[in-house]
Amino acid sequence: MTSQFPFRFPQSSAVNRANQRGNRSPQMKLFLCRLLLGLSLAQLATPVLAQTGNTPTNAPANASTNPPTNTATKSVAVPAAPKTPVLAPGSAGQYVLEFNRSPIVSNRLRLESIYDETRLWFTRPRHWKTDTVKVQLRYRHSPALYASRSNLTVLINGTSIGSVPLNQPEGRVGSAIFDVPVRLLRDYNELAIAALQNNSPTCTQDPYDPSLWSEILPDSKIVFNVQPQPVSLNFDRYPYPVFDTLSLEPNQIAYLQPKTLDETWLTTAARFQASLGQIAQYRALDSRLVDTPDQVNDAERLVIIGTPNEQPILRELELPVALENRKLLDGNQKALGDDVGVLLMTTVNQGKTPVLVATGNTAQAVEKAVQFMVQAPDRQLGTGSVIFVNEVTAVSPPPLREWRGYLPPTDRFQLSDLKTFEDKPYTDVSVRGSHAPALEFDFRALPDDRILPGSSMTLRYSYGPQVNPLTSQVEVQLDGVPLGGARLTSVSGANRQSLRIDIPAESIKPNSKMQINFRLDPRERRSCSRVTDQQLWGKIHADTSFDLKREQVAKLPDLKLLQAGYPFTAPQDLSSTAIVVPDNPNKADLLLMLEVSERLGRLSRYDTVQFSVYRAGQLPEEQRQSKHLIGIGVQAKFPFPEAYQADNLALQNLFSRQWRDSQVQTLPDVEGVIKAIFSPWNPDRMLLALTSQTDTGLDQVRDLISRDPLFYQIERSSGWAAVWSDLADLAMATPASLLVVSRIGGNWISSCTSWLHCR
């Protein structure tokens, strides 16, 4: 048969069957049309299971070959769609972001050699409408520079916004102001400062001449003139505005403390704080407790957790859900079911403070509402300003050794199995030029991984032509220490070369990074020219492979392992951990509980949070036997007196301390103690004691846990750890299972809030 189209199709069996169908009689076609029409009408008449929750009575039990699933869904009679609450905007004004708030600036940013550049990263808060932006640069430079051939150039997101000649007299500080076009700004921004420096009117021959330098001073700044905009409170933007990942200031959360505390509030508040820690990662987060909404300032976000009976303030808020006799009502003005959680957003303080409410008519409903917020897959369903939580998916615990951001649990894996800082798999990475930056990626071993001899990696790489084979190479480093390299020997380039490199035993740590660097040198150099190296390129292939020989062993107790959360973050849903507070916890106990929860969240990555919090008298025996325990409280109310009877340091009554055979009394005793021992109820579990003689000591412990520069200085050397004696001074050696914290100042700590280069 000849096709009607201008091209001839092959006469396959499928085409033959189509031709046979085209030759059917008109009566057969009419019969088929009637049959299909009847089936379509029957399908339209069948109830939709996901909406009604009913199963047709005439549906056969085995109608589908797929595994049976629960298609019935719970639903409530929802009220009329409420008006979306709006957060009132603040006053227009000026915001100054100084360079010295970035931890990489320190006393100055130094630029050396003929050409050098430095970069800073900053964000733009979501509620800003930016009118004008200016970069005010203060700098000084070497007096040996020629002004006509030396300058500073400022770029925003790769676009130049101006240059200034380096023509200041010796010892004088220069100043320049650059206008930034508002259209160049994005949520995440890069400020680059490039220096071209020459000390000769014709040609600077030595790029390493020490007279080639300039410095950007730390009081340089970016000045924003902004108009804050009103913000619609909608769950499809969560965690904003409860937590703004683009904020230039620390996010501030205030929890409304209920009149009475129980395990439901303690657990839900702690889990919610842990989920905020997972979202925050390296960003600053300040949390506190308040008794009334009037105590909340304009920069804080208020979180209310509890039933209307536990949080009577709910009756005074403007809620889109009716409340009667301390019961939440549905759209039919009937009390909501005991298992239906409610999440809603509203405002207080004349609309200036956003409020997140997690409530329900029972403790079970409140727990379900909060669990919806802490489970990342579930909260993606959220939208609008009100959510009725009927069911929450039960997320299975992850494997004990599956930690996101760490090395895969298998001994053999490839570069493509690792994730970038944007949480995407690595692909082939290309670099170009003589001074191309190294490919750096996390190469973090699990805390109990011990790397054995015989571990290796096979680097697969390619490079282009015109490289100088005498001076060009590829090099691999681990934490800045070279592991090996190879010379690039072909002037014509090479494709998919392989290089096997041994990885030394015990060299990979929980915070390790690997660097792969091409050092490309052109065959011919042109004097005073930078453009002759742009034809040079190297490529690192994603099938670069690793073969690790390792065993799982950890010497416990060891407080340094807390830097990775081990063993309390294994598995990563925190389900093996329980926090225990005194029977009548005060604010110091609760704030420390929130801080520990936040730190556990920062140290874990998973789709849910499953640890629990108990008062000392309510801790189930099964939990005591099976969980890693974190005890919080002063000595007089500490939940686990057994911790004071262990070896090493013992805090006793009347402000006395005992160390082995030595005993003293101190007045006042304002130091905090962090102590790790094996659980007295299970030798396979740990007990972490966060304690002191006074609430002031608990505040010191909270400062240590909350501040990264302090937390990541908990070191271990030959079985010993350091004791904080005064500010940044480290003195006195004590066992690795014990850390004493005292007099931590607040002014010397650098902030990782506004600038993004905090890792």
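Computed from a predicted structure; not experimentally measured. (Residues numbered from 1 in each chain as written. Predicted model: local features only at pLDDT ≥ 70, side-chain atom pairs only at ≥ 80, totals over all residues. Heavy atoms only, no water.)

### Regarding the nonpolar core
Ranked by size, the top nonpolar core spans 69 residues in total, and within it Tyr 255, Phe 272, Met 593 and Leu 690 carry the most contacts. In terms of residue count, the dominant contributor to this core is helix H4 (residues 263-280) (nine residues). Phe 441, Ala 445, Ala 494 and Ile 508 belong to the second-largest nonpolar core, a separate cluster that totals 36 residues. (Core = buried A, V, L, I, M, F, W, Y, C linked by side-chain atoms within 4.5 Å. Buried < 20%, exposed > 50% of the residue type's maximum accessible area, 1.4 Å probe, protein only. Helix = DSSP H or I, 4+ residues; strand = E, 2+ residues; numbered from the N terminus.)

### Quick word on the confidence of the model for the protein
Of all residues in the protein, 80% have pLDDT values of 70 or greater, and the mean over the chain is 83. Within the protein, helix H3 (residues 49-52) has the poorest average pLDDT of any element, 31, and strand E34 (residues 612-615) the best, 98. Every residue in residues 1-27 is under pLDDT 50, and counting partners more than four places away or in other chains gives 10 contacts. (pLDDT = per-residue confidence, 0-100. Contact = heavy atoms within 4.5 Å.)

### Some details on the pairing of strand E30 (residues 537-540)
Side chains Gly 538 and Ile 540 project from E30 onto a buried face, and the interleaved Trp 537 and Lys 539 project onto a face without burial. Of the strand pairs in this sheet, strand E22 (residues 429-432) and E30 are connected by four bridges, and their pairing is antiparallel. Residue Ser 430 lies in a different strand from E30, and its bridge partner there is Lys 539. Looking at chain direction, strand E25 (residues 456-463) and E30 are connected through three bridges and run antiparallel. Its bridge partner lying in E30, Ser 462 is registered against Lys 539. (Pairing = 2+ DSSP bridges.)

### Points about helix H7 (residues 587-602)
Taking 1.5 Å of rise per residue, 16 residues should cover 22 Å, and H7 covers 22 Å from first to last C-alpha, within 8% of that figure. Most of H7 sits inside the fold, with 15 of its 16 residues counted as buried. For H7, the capping residue at the N-terminal end is Asn 586, with a side-chain oxygen 3.2 Å from the backbone nitrogen of Ala 588. (Expected span 1.5 Å × (residues − 1). Polar contact = N/O pair within 3.5 Å; in protein donor to acceptor, adjacent residues only side chain to side chain.)

### Let's talk about the pattern of salt bridges
The final tally for this structure, using the stated rule, is 32 salt bridges. In this structure, Glu 249 and Arg 101 form a salt bridge, with 3.4 Å as the shortest nitrogen-oxygen distance. Taken together, the residues span a long stretch of sequence, with Glu 249 in the loop between strand E12 (231-232) and strand E13 (251-256) and Arg 101 in the loop between strand E2 (93-98) and strand E3 (109-112) at a distance of 148 residues. The exposure class of Glu 249 is partly exposed, given its relative accessible area of 36%. With relative accessibility at 22%, the residue Arg 101 sits in the partly exposed group. (Salt bridge = Lys/Arg side-chain N within 4 Å of Asp/Glu carboxyl O.)

### Let's talk about the sheet that holds strand E20 (residues 386-389)
Taken in spatial order, the six strands of this open sheet run E14-E13-E15-E19-E18-E20, and their pairing is mixed. Looking at strand neighbours, the two that pair on one side only are strand E14 (285-290) and E20, the edges of this open sheet. Each strand axis lies, on average, 20 degrees off the axis of its neighbour in the sheet, ignoring direction. With four bridges joining them, E13 and strand E15 (residues 300-305) adopt parallel strand pairing. Note on E15: the bridge partner recorded for Ile 253 is Arg 301. On top of the sheet, H4 reaches E13, E14, E15 and strand E19 (353-359); it is set at about 170 degrees to E13, its chief contact. (Axes fitted to C-alpha atoms, helices over the stretch in contact; angles between N-to-C directions.)

### Side note on the packing of aromatic side chains
This structure, assessed with the given rule, holds 15 aromatic pairs. Taken together, a centroid distance of 6.1 Å and an interplanar angle of 65 degrees make the contact between Phe 122 and Phe 224 edge-to-face. With Phe 122 in strand E4 (residues 115-123) and Phe 224 in strand E11 (residues 221-228), the pair connects residues that are 102 residues apart, well separated along the chain. Of the two residues, Phe 122 and Phe 224, both sit in the buried class. Seen from their ring centres, Phe 413 and Phe 443 are 6.3 Å apart, and the 45 degrees between their planes marks the pair as tilted. Of the two residues, Phe 413 is situated in strand E21 (residues 412-414) and Phe 443 in the loop between strand E23 (439-442) and strand E24 (449-451); the sequence distance between them amounts to 30 residues. (Phe/Tyr/Trp six-rings, centres within 6.5 Å; stacked < 30°, edge-to-face > 60°.)

### Comments concerning unusual backbone geometry
A cis amide bond links Leu 556 with the next residue in sequence, Pro 557, at an omega value of 0 degrees. Here Pro 557 lies in the loop between strand E32 (550-552) and strand E33 (577-581). Across the junction of Tyr 566 and Pro 567, the peptide omega takes the value 5 degrees, indicating a cis bond. Assignment of secondary structure puts Pro 567 in the loop between E32 and E33. We note that Gln 333 has phi near 60 degrees; this positive angle belongs to a residue other than glycine.

### Topic: empty space enclosed by the protein
For the structure on display, the rule yields six cavities of 30 Å³ or more. The space that makes up the largest cavity amounts to roughly 160 Å³. Residue lining of the largest cavity: 14 residues in total, with Leu 562, Arg 599, Leu 688, Ile 705 and Phe 711 positioned closest to the centre. When residues of the lining of the largest cavity are traced back to their parent elements, those giving at least two are H7 and strand E40 (682-692). Residue contributions to the lining of the largest cavity peak at three residues, all from H7. Taken together, the residues that form the lining of the largest cavity break down as 12 nonpolar, one polar and one charged. (1 Å grid on protein atoms, 1.4 Å probe; cavity = no way out; pocket = protein on both sides within 12 Å on 5 of 7 lines; lining within 4 Å. Points joined across faces, edges and corners; volume = space filled by probe spheres on them. Nonpolar A, V, L, I, M, F, W, Y, C, P; charged D, E, K, R; others polar.)

### Here we look at the environment of Glu 506
You can see Glu 506 is positioned in the loop between strand E28 (494-502) and strand E29 (513-519). Setting aside anything within four residues of it in sequence, one finds Glu 506 in contact with Arg 450 and Ile 451. Reaching out from Glu 506, the side chain makes a polar contact with the side chain of Arg 450 at a distance of 3.3 Å.

### Looking at the sheet that holds E29
In spatial order, the strands read E23-E29-E26-E27; together these four strands make up an open sheet with antiparallel pairing. Each edge of the open sheet is held by one strand with a lone partner, namely E23 and strand E27 (481-487). Each strand axis lies, on average, 15 degrees off the axis of its neighbour in the sheet, ignoring direction. Direction of pairing for strand E26 (residues 473-478) relative to E29: antiparallel, over a ladder of six bridges. What sits directly across from Gln 473, in E29, is Arg 519.

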